[in-house]
Amino acid sequence: MSLKCGIVGLPNVGKSTLFNCVSSGKAQSANFPFCTIDPNIGSTPVPDRRLDVLTEICSPKRTIPATVEIVDIAGLVKGASKGEGLGNQFLANIRETDAILHVLRCFDGGNIVHVDGSVDPVRDKEVVDTELQIKDLETVENRIRKVEKQATTGGDKDAKKLLVLLQKYREALLQGRSCRTVALDTPEEAEMSRELFLLTDKPVLYVCNVDEGSAVSGNRYVDAVREAVKDENAEILVIAAKTEAEIAEIEEYEDRKMFLEEMGLEESGVVRLIQSAYKLLGLRTFFTAGADECRAWTIHAGDKAPRAAGVIHTDFEKGFIRAEVIKYEDFVQYRTEAAVRAAGKMGIEGKDYVVQDGDIMHFLFNV
């Protein structure tokens with residue numbers, strides 16, 4: 001399952017620095033606008049202590065974590081929707097992502113050039129939002145013109161439903177609101193919404209890039225961002241990208257732990273960012289565990305057993321018979337599959353079983 005989070009924001013807010021911290025890729029990071037032109041892409045493992053524990057118990061030949069693809073996209077400027085700066089390229093790149101990590105500069109510092117000459121994360125947020133909203137409004141109005149004819153003259157019921165949804169989005173966009181703020185009334189509307197691929201309908205995590213001294217408690221800029229997004233369906237994460245870059249250079253686990261403790265943090269901002277991105281995408285993890293391999297597999301919340309089986313191999317889904325399910329806590333307690341089975345803790349589940357986060361699964365199939 002290939003899933004992408006796009007790192008976006010104005011030029012020089014710390015996007016590429018953050019990308020280098022969380023990704024296996026290495027983006028250029030410099031103090032001038034449009035340092036990033038082509039999108040940098042890297043894959044990063046999702047930290048999961050449960051996989052570490054399963055590895056300790058099973059001593060497998062290999063351990064494979066879940067991953068999320070991170071895309072560092074060129075900085076956006078005012079007028080991007082009309083092609084200013086690298087606007088058209090930016091908008092095309094962001095359309096291909098599943099979720100947005102919107103980096104906002106929330107630190108002072110005269111030696112880092114700000115494209116607008118002063119630090120104001122709420123203003124910066126609104127610049128990006130406005131450009132994306134303008135592009136979405138263009139998309140929505142074009143679709144309305146096409147669908148309106150089908151709905152009114154052709155009597156197409158699906159077209160009528162789509163028209164109602166498009167009109168909801170149009171109203172929100174004209175009010176300066178993003179599409180993600182629109183309440184969807186039915187699962188059918190949610191499905192139609194996904195097929196529109198609107199930029200401002202993507203889930204968003206606002207990443208407040210702060211100085212080291214504000215990494216724990218935030219600052220007045222972070223407070224302003226919180227107030228500005230309180231009515232959005234969005235989350236906020238506070239992170240000091242420059243400090244995270246220093247942490248990333250520390251190889252020894254104990255040294256990194258000591259560094260974090262001195263800062264008053266339990267875990268690095270990068271770990272919190274990756275876990276937040278995973279949650280933002282509505283993802284869940286199930287495991288396979290044994291002597292050959294311990295592996296974390298990615299599914300969407302609500303996926304049933306056959307769909308989970310298909311993540312491993314399409315034949316597993318096509319020929320699905322049943323799933324043997326062990327709860328993570330039970331496996332940790334009994335230590336082996338045989339002991340779990342003997343204790344009566346092995347679940348036998350059919351096609352309608354909704355896979356739970358942390359399930360350890362074995363699929364039986366016949367093709």
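Residues numbered from 1 in each chain as written. Predicted model: local features only at pLDDT ≥ 70, side-chain atom pairs only at ≥ 80, totals over all residues. Heavy atoms only, no water.

## Examining the overall build of the chain
Reasoning step 1: The helix and strand tally for the chain stands at 14 helices and 12 strands.
Reasoning step 2: Buried positions account for 47% of the 367 residues belonging to the chain.
Reasoning step 3: Within the chain, contacts between residues separated by at least 24 positions form 69% of all contacts whose residues are at least 6 apart in sequence.
Reasoning step 4: Summing over all exposed atoms, the chain offers an accessible surface of approximately 18,100 Å²; the carbon and sulfur share of this is 48%. (Helix = DSSP H or I, 4+ residues; strand = E, 2+ residues; numbered from the N terminus. Buried < 20%, exposed > 50% of the residue type's maximum accessible area, 1.4 Å probe, protein only. Contact = heavy atoms within 4.5 Å. Areas by Shrake-Rupley, 256 points an atom, 1.4 Å probe, with all protein chains shown as cover.)

## Description of the packing of helix H8 (residues 241-248) against helix H9 (residues 253-263)
Reasoning step 1: Remark: H8 packs on H9, axes separated minimally by 10 Å, with the N-to-C direction vectors making an angle of 155°. With respect to H9, the axis of H8 lies roughly antiparallel. For the crossing formed where H8 meets H9, the hand is right-handed. On the side of H8, the interface is formed by Thr 243, Glu 246 and Ile 247, while H9 contributes Arg 256, Phe 259, Leu 260 and Met 263.
Reasoning step 2: Looking at the contact of H8 with H9 residue by residue, the class counts come to four nonpolar, one polar and two charged. (Axes fitted to C-alpha atoms, helices over the stretch in contact; angles between N-to-C directions. Parallel < 35°, antiparallel > 145°, perpendicular 65-115°, else oblique. Left-handed = near helix turned anticlockwise from the far one by under 90°. Nonpolar A, V, L, I, M, F, W, Y, C, P; charged D, E, K, R; others polar.)

## Some details on the packing of aromatic side chains
Reasoning step 1: Counting across every chain of the model gives four aromatic pairs.
Reasoning step 2: Measuring from ring centre to ring centre gives 6.4 Å for Phe 286 and Trp 297, while their planes differ by 15°; the resulting arrangement is stacked. Here Phe 286 is found in strand E8 (residues 283-289), whereas its partner Trp 297 is found in strand E9 (residues 293-300), with 11 residues between them in sequence. The two residues Phe 286 and Trp 297 agree in class, both being buried.
Reasoning step 3: Ring pairing ties together the aromatic residues Phe 286, Trp 297, Phe 320 and Phe 363, which thus form one cluster.
Reasoning step 4: Across the ring face of Trp 297, the terminal group of Arg 295 is positioned such that the distance to the ring centre comes to 4.0 Å. (Phe/Tyr/Trp six-rings, centres within 6.5 Å; stacked < 30°, edge-to-face > 60°. Lys NZ or Arg CZ within 6 Å of the ring centre and 35° of its normal.)

## A few points about the packing of helix H4 (residues 121-152) against helix H5 (residues 157-174)
Reasoning step 1: Two elements in contact, H4 and H5, have axes separated by 9 Å at closest approach and are oriented at 150°. In this view, H4 runs roughly antiparallel relative to H5, as classed from their interaxial angle. As H4 runs across H5, the sense of the crossing is left-handed. On H5, the residues touching Gln 133, Asp 136, Leu 137, Val 140, Glu 141, Arg 143, Ile 144, Val 147, Glu 148, Gln 150 and Ala 151 of H4 are Ala 159, Lys 160, Leu 162, Leu 163, Leu 166, Gln 167, Tyr 169, Arg 170, Leu 173 and Leu 174.
Reasoning step 2: A per-class count over the contact of H4 with H5 returns 12 nonpolar, three polar and six charged.

## Quick look at H5
Residues that lie three or four places apart on an α-helix share one face, since the helix turns once every 3.6 residues.
Reasoning step 1: Here H5 spans 26 Å end to end across 18 residues, near enough to the 26 Å set by a 1.5 Å rise per residue.
Reasoning step 2: Contacts from the buried residues of H5 go to H4 and helix H6 (187-196).
Reasoning step 3: Among the residues of H5, the N-terminal cap falls to Asp 156, whose side-chain oxygen and the backbone nitrogen of Asp 158 are separated by 2.9 Å. (Expected span 1.5 Å × (residues − 1). Polar contact = N/O pair within 3.5 Å; in protein donor to acceptor, adjacent residues only side chain to side chain.)

## Structural notes on the pattern of salt bridges
Reasoning step 1: Throughout the structure, instances matching the rule amount to 24 salt bridges.
Reasoning step 2: Between Glu 293 and Arg 62 there is a salt bridge, with the nearest N and O atoms lying 2.8 Å from each other. Highlighted residues: Glu 293 in strand E9 and Arg 62 in strand E3 (residues 62-64), separated in sequence by 231 residues.
Reasoning step 3: By relative accessible area, which is 46% here, Arg 62 ends up partly exposed.
Reasoning step 4: The salt bridge partner of Glu 188 is Lys 161, with a shortest N-O separation of 3.3 Å. Taken together, the residues Glu 188 in helix H6 and Lys 161 in helix H5 connect sequence positions 27 residues apart. (Salt bridge = Lys/Arg side-chain N within 4 Å of Asp/Glu carboxyl O.)

## Details of unusual backbone geometry
Reasoning step 1: Positioned with a positive phi, Ser 59 is a non-glycine residue whose angle comes to about 45°.
Reasoning step 2: Considering the arrangement of structural elements, one finds Ser 59 in the loop between helix H2 (49-58) and E3.
Reasoning step 3: Of the residues examined, Ser 59 reaches a relative accessible area of 57% and is grouped as exposed.

## Comments concerning the sheet that holds strand E7 (residues 234-239)
Reasoning step 1: Overall, mixed pairing links the six strands, which are arranged E2-E4-E1-E5-E6-E7 in an open sheet. Here the strands that pair on one side only, and so sit at the sheet edges, are strand E2 (40-45) and E7. Looking at each pair of strands side by side, their axes are set apart by 25° on average, direction ignored.
Reasoning step 2: Two strands pair when backbone bridges link them, and strand E1 (residues 4-8) and strand E5 (residues 99-105) are joined in this way by four bridges, in the parallel orientation. (Pairing = 2+ DSSP bridges.)

## A word on helix H1 (residues 15-22)
Reasoning step 1: Most of H1 sits out of view: seven of its eight residues are buried.
Reasoning step 2: For H1, the complete set of buried residues consists of Lys 15, Ser 16, Leu 18, Phe 19, Asn 20, Cys 21 and Val 22.

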